[in-house]
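# Observations on the three-dimensional arrangement
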Amino acid sequence: MSKKYNVAVVGANGAVGEEMLRVLEEVNFPIAKLVPLASARSAGKTVEYNGKEVVILELTEDVFEKEDVEIALFSAGGSVSAKFAPFAVEAGAVVIDNTSHFRMFEDIPLVVPEVNPEDILNYKTKGIIANPNCSTIQMVQALKPLDDAYDIQRVDVSTYQATSGAGKTAMEELVAQMQSFFAFKLDEAEVKAFAHRIALNVIPQIDKFLESGYTKEEMKMVNETTKIMHKEIPLSATCVRVPTLRGHAEAVSVKFAREVDADKAREILKNAPNIIILDTPEESIYPMPSLVLEKNETYVGRLRVDNFDKTMLHMFIVADNLRVGAATNAVRIAQKWIELEEEK
């Protein structure tokens, strides 16, 4: 990467925005000028980048042109992206959007760089590249190499999703409820972020229910997987919110067109990009949210062939949802976009 770029981070002081700044710094992203953006109430505050305090600017319709932004990373909510992403594009920037707003637009690529990097080249139609749902990203990273080897016929997944998937306030609510528990006042704890108390509980609902009985979150996994992998994969998801702060876990069952060998599948995944195998169950070694915090890789373990159907493989997938499921994937898209642009 010979050139340096003016990079905006929209929602710079949010949970994902802060993580984006950390990842950009860690990978030594070629930044000429960093432009942190947020709402008017956050303008004037600062974020830290490379040991320096950088002032947050107000997100406005003309800020992208004024600051000569070339890459705009959006993570401030779907309505914000819907309103302001077109202004960033109009100013000449490529937008990498972390919200759900643009994901299923037919003419906007939905990208996981380890799976479908070639789709980035389709960004020119709208100037926007969409970042998938956090649960989808870590799952398809593992599914893609296995599909190449064994031809996936069906996927069933149950997720165990951390409170950070619902933002900073949801994490704070879990902490506050646990404090109430230790003060013997859990019944008085405030419930706002979720439909029920999350402390010492699991909630089998993420997002709103649809007429089908599935939630919007579950259907995101279905639809996004098809779009990313360019393959109609029958998939059923049950998405569950659990009382952890960071790190989404998934129990995934995959049916293939032919018999699968667990050792070979393990080796395939071991050689796949940005996947780490933790699978020594006799020593209680397997992926857990506590092991993946601030990691940029997806961890896979508990690989085993089904007892009754040798074409089925079961596995447990865990990743830091603020990193792999959001910030890291967005930064990797930006890195790949630069690589493809500089190849021209």
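Please refer to the structure placed before this passage.
Residues numbered from 1 in each chain as written. Predicted model: local features only at pLDDT ≥ 70, side-chain atom pairs only at ≥ 80, totals over all residues. Heavy atoms only, no water.

Take the overall build of the chain next. Along the chain, the regular secondary structure elements total nine helices and 14 strands. At 20 Å, the chain has a C-alpha radius of gyration in line with the 20 Å of a compact globule built from 344 residues. Counting only C-alpha atoms, the chain reaches 60 × 60 × 40 Å along its principal axes. Per-residue burial over the chain gives 51% buried out of 344 residues. Long-range contacts, defined here as pairs at least 24 residues apart, represent 68% of the contacts in the chain between residues at least 6 apart. Accessible area for the chain stands at about 15,600 Å²; split by element, carbon and sulfur atoms hold 50% of it. Here the chain contributes 38 positive and 52 negative side-chain charges, whose respective centroids are spaced 1 Å apart. (Helix = DSSP H or I, 4+ residues; strand = E, 2+ residues; numbered from the N terminus. Rg over C-alpha atoms; globule rule 2.2 N^0.38 Å. Buried < 20%, exposed > 50% of the residue type's maximum accessible area, 1.4 Å probe, protein only. Contact = heavy atoms within 4.5 Å. Areas by Shrake-Rupley, 256 points an atom, 1.4 Å probe, with all protein chains shown as cover. Lys, Arg positive; Asp, Glu negative; His and termini not counted. Charge placed at Lys NZ, Arg CZ, Asp CG, Glu CD.)

Once that is clear, we can look at the pairing of strand β14 (residues 312–319). With seven of eight residues buried, β14 lies mostly within the body of the structure. Judged from the eight bridges that link them, strand β11 (residues 248–256) and β14 form a sheet pairing that is antiparallel. Note that in β14 the partner of Lys-255 across the bridge is Met-312. Note that strand β13 (residues 298–305) and β14 share five bridges and pair antiparallel. Along β14, the bridge assignment pairs Arg-304 with His-314. (Pairing = 2+ DSSP bridges.)

On the surface, a nonpolar cluster with roughly 330 Å² of combined accessible area is contributed by Phe-181, Phe-182 and Leu-200. Secondary-structure assignment places Phe-182 in helix α5 (residues 168–182). (Patch = residues over 30% accessible without salt bridge, like charges linked within 9 Å, V, L, I, M, F, W, Y side chains within 5 Å. Salt bridge = Lys/Arg side-chain N within 4 Å of Asp/Glu carboxyl O.)

Here the largest pocket defines a volume of roughly 1,300 Å³. In terms of lining, the largest pocket is formed by 47 residues, of which the most central are Ala-76, Gly-77, Gly-165, Ala-166 and Gly-167. For the lining of the largest pocket, the elements supplying multiple residues, two or more each, are α1 (15–26), α3 (78–90), α5, α6 (216–229) and α9 (323–343). Per-class residue counts for the lining of the largest pocket are 17 nonpolar, 21 polar and nine charged. (1 Å grid on protein atoms, 1.4 Å probe; cavity = no way out; pocket = protein on both sides within 12 Å on 5 of 7 lines; lining within 4 Å. Points joined across faces, edges and corners; volume = space filled by probe spheres on them. Nonpolar A, V, L, I, M, F, W, Y, C, P; charged D, E, K, R; others polar.)

So, about the packing of aromatic side chains. Each pair of aromatic rings is reported with the distance of its centres and the angle of its planes. On inspection of all chains with the given rule, the structure shows eight aromatic pairs. Here Tyr-160 and Phe-316 contribute two aromatic rings whose centre-to-centre distance is 6.1 Å and whose plane-to-plane angle is 55 degrees, an arrangement assigned as tilted. Of this pair, Tyr-160 sits in strand β9 (residues 152–161) while Phe-316 is found in strand β14, placing the two residues 156 residues apart along the sequence. Taking 5.1 Å as the distance between ring centres and 70 degrees as the angle between the ring planes, the aromatic pair formed by Phe-181 and Phe-182 counts as edge-to-face. Three or more aromatic residues link up through ring pairs in this structure, and these residues are Tyr-5, Tyr-123 and Trp-337. (Phe/Tyr/Trp six-rings, centres within 6.5 Å; stacked < 30°, edge-to-face > 60°.)

Limitation: the analysis is restricted to geometry and does not speak to function.
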